[in-house]
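# Survey of secondary and tertiary structure
Listed below, chain by chain, are the residues.
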Amino acid sequence: MAYSMKDIAKEANVSLTAVSLVLNNKETRVSETKKAEIKRIAKRMNYRPNSAAVSLSKNISYNIALIVPDITNPFFARIVREITTFLNKKGYGTLLIDSENSYKNEKAALQNLISRGVDGILLVPSNEIFSKNEAEVTDLLQNIAKPLVLLNAYTDRDVSYVNFDNTKGAEMATQELIKYGHQQIGFIRGEDNFINALERYKGYEKVLKRNGIPLNKKLVFKGDYSMASGYRLAPKIMENTELTAIVSSNDLMLFGVIKWAKEHQIPIFKRLSMIGFDNTPYTEILEVPLTTIDQDTEKMATEASDLLLRMIQTKKKIVKRIIIDPILIRRQSIWKRHC
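Report follows, based on the coordinates. (Residues numbered from 1 in each chain as written. Predicted model: local features only at pLDDT ≥ 70, side-chain atom pairs only at ≥ 80, totals over all residues. Heavy atoms only, no water.)

## Overview of the overall build of the protein chain
Of the regular secondary structure elements, the protein chain holds 13 helices and 12 strands. C-alpha atoms of the protein chain, sized along the principal axes, occupy 90 × 45 × 35 Å. A buried classification covers 49% of the 339 residues belonging to the protein chain. In the protein chain, the share of contacts with a sequence separation of at least 24, taken over all contacts with a separation of at least 6, comes to 73%. (Helix = DSSP H or I, 4+ residues; strand = E, 2+ residues; numbered from the N terminus. Buried < 20%, exposed > 50% of the residue type's maximum accessible area, 1.4 Å probe, protein only. Contact = heavy atoms within 4.5 Å.)

## Here we look at the pattern of salt bridges
Scanning the model with the defined rule gives 18 salt bridges in all. Across the pair D158 and K317 runs a salt bridge, and its minimum N-O distance is 3.7 Å. In this pair, D158 is assigned in the loop between strand 4 (148-151) and strand 5 (160-164) and K317 in the loop between helix 13 (297-314) and strand 11 (321-324), connecting sequence segments 159 residues apart. Judged by its relative accessible area of 37%, D158 is partly exposed. (Salt bridge = Lys/Arg side-chain N within 4 Å of Asp/Glu carboxyl O.)

## Digging into the packing of helix 5 (residues 74-89) against helix 13
At a closest axis distance of 9 Å, the pairing of helix 5 and helix 13 adopts a crossing angle of 45°. One way to sum up the angle between helix 5 and helix 13 is to call them oblique. The interaxial crossing formed by helix 5 with helix 13 has right-handed handedness. Across the interface between the two elements, F75, R78, I79, E82, I83, F86 and L87 from helix 5 touch T297, E298, M300, A301, T302, S305, D306 and L309 from helix 13. (Axes fitted to C-alpha atoms, helices over the stretch in contact; angles between N-to-C directions. Parallel < 35°, antiparallel > 145°, perpendicular 65-115°, else oblique. Left-handed = near helix turned anticlockwise from the far one by under 90°.)

## Here's the deal with unusual backbone geometry
At N279, a residue that is not glycine, the phi angle is positive and equals roughly 55°. Assignment of secondary structure puts N279 in the loop between strand 9 (273-277) and strand 10 (291-294). With a phi close to 50°, D296 is a non-glycine residue in the positive phi region. Structurally, the position occupied by D296 is in the loop between strand 10 and helix 13.

## Quick word on the pairing of strand 8 (residues 245-248)
Both faces of strand 8 are covered, namely the face carrying A245 and V247 and the face carrying I246 and S248. The pairing of strand 6 (residues 185-190) with strand 8 spans four bridges and is classified as parallel. What sits directly across from I188, in strand 8, is S248. Both strand 8 and strand 9 contribute to a ladder of three bridges, which runs parallel. Looking at strand 9, one finds that A245 is bridged to S273. (Pairing = 2+ DSSP bridges.)

## Side note on the packing of aromatic side chains
What characterises a pair of aromatic rings is the spacing of the ring centres plus the angle enclosed by the ring planes. In total, this model carries nine aromatic pairs according to the counting rule given. Considering the side-chain rings of F164 and F277, the 6.1 Å spacing of their centres and the 85° angle between planes classify their relative orientation as edge-to-face. With a gap of 113 residues between them, F164 in strand 5 and F277 in strand 9 connect regions that are remote in the sequence. The residues F164 and F277 share a single accessibility class, namely buried. (Phe/Tyr/Trp six-rings, centres within 6.5 Å; stacked < 30°, edge-to-face > 60°.)

The following block contains the structure:
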């Protein structure tokens, strides 16, 4: 049987208001003896407050909206798990939406979630969002009726974000290959409008220039961050006999190249030194574990969630830019090139 405050009040012979004040630790004239009695009765009855009623009275739902572009991508799956774990410890639930990399879906989800009374929104933007009408996107992000933090994206709009230092990550990856004697280094980048794609490409260009290596556009390949796009690019990559090493803007595209090579009996790990991005779980279980750039998703998730909760609790808009440092995870997919 579920007991209510009314049952506690009846047994303690006090008013319903007195019970509510005592159990919510509010100031009251009730004596210390009677307070202790009320709490003993509540404990014996295994009283639990009605969370819906509490939320209504405080105008808070204890729910956070989390929108990601592709839950099947291991990188975003890790972010979801880490945000959910963090918020759960803070007493918040998570409403998860997969936008399917669609701005239209993001916009509809934001409007729907606000109408459902979430306390705040964590948005991992789609690749489409910043290529849409600039004024419309600015209005959507800056004038949203709830606290909002972007993850895994930069913006010059009046919105908080937490992102990874993509340029530095690509610099570290490219420099690692040069350290092993490679000069003909390919790069698999995202499309021009893709989130973080330009920053990673700039990091690659920057390190080539720093080391006096001419940029060869024939060694730059464009994919869409999916394994399928890496698979499609593989024949073009493999036909370039000058190429000895490659940096990929994410692990998935590199997995696609590896898959194609294996299907065509090409000893890919002897043919190319390789380094990816994201440090997805599968990088460790390849026959040759993959060197990769870790984006520290745990720190990204924690920083973003903590920032959002501060906005919710203080009821103040905070505009902050947080950049997470990359971590180079060295494994066995890079070999030394002897000139």
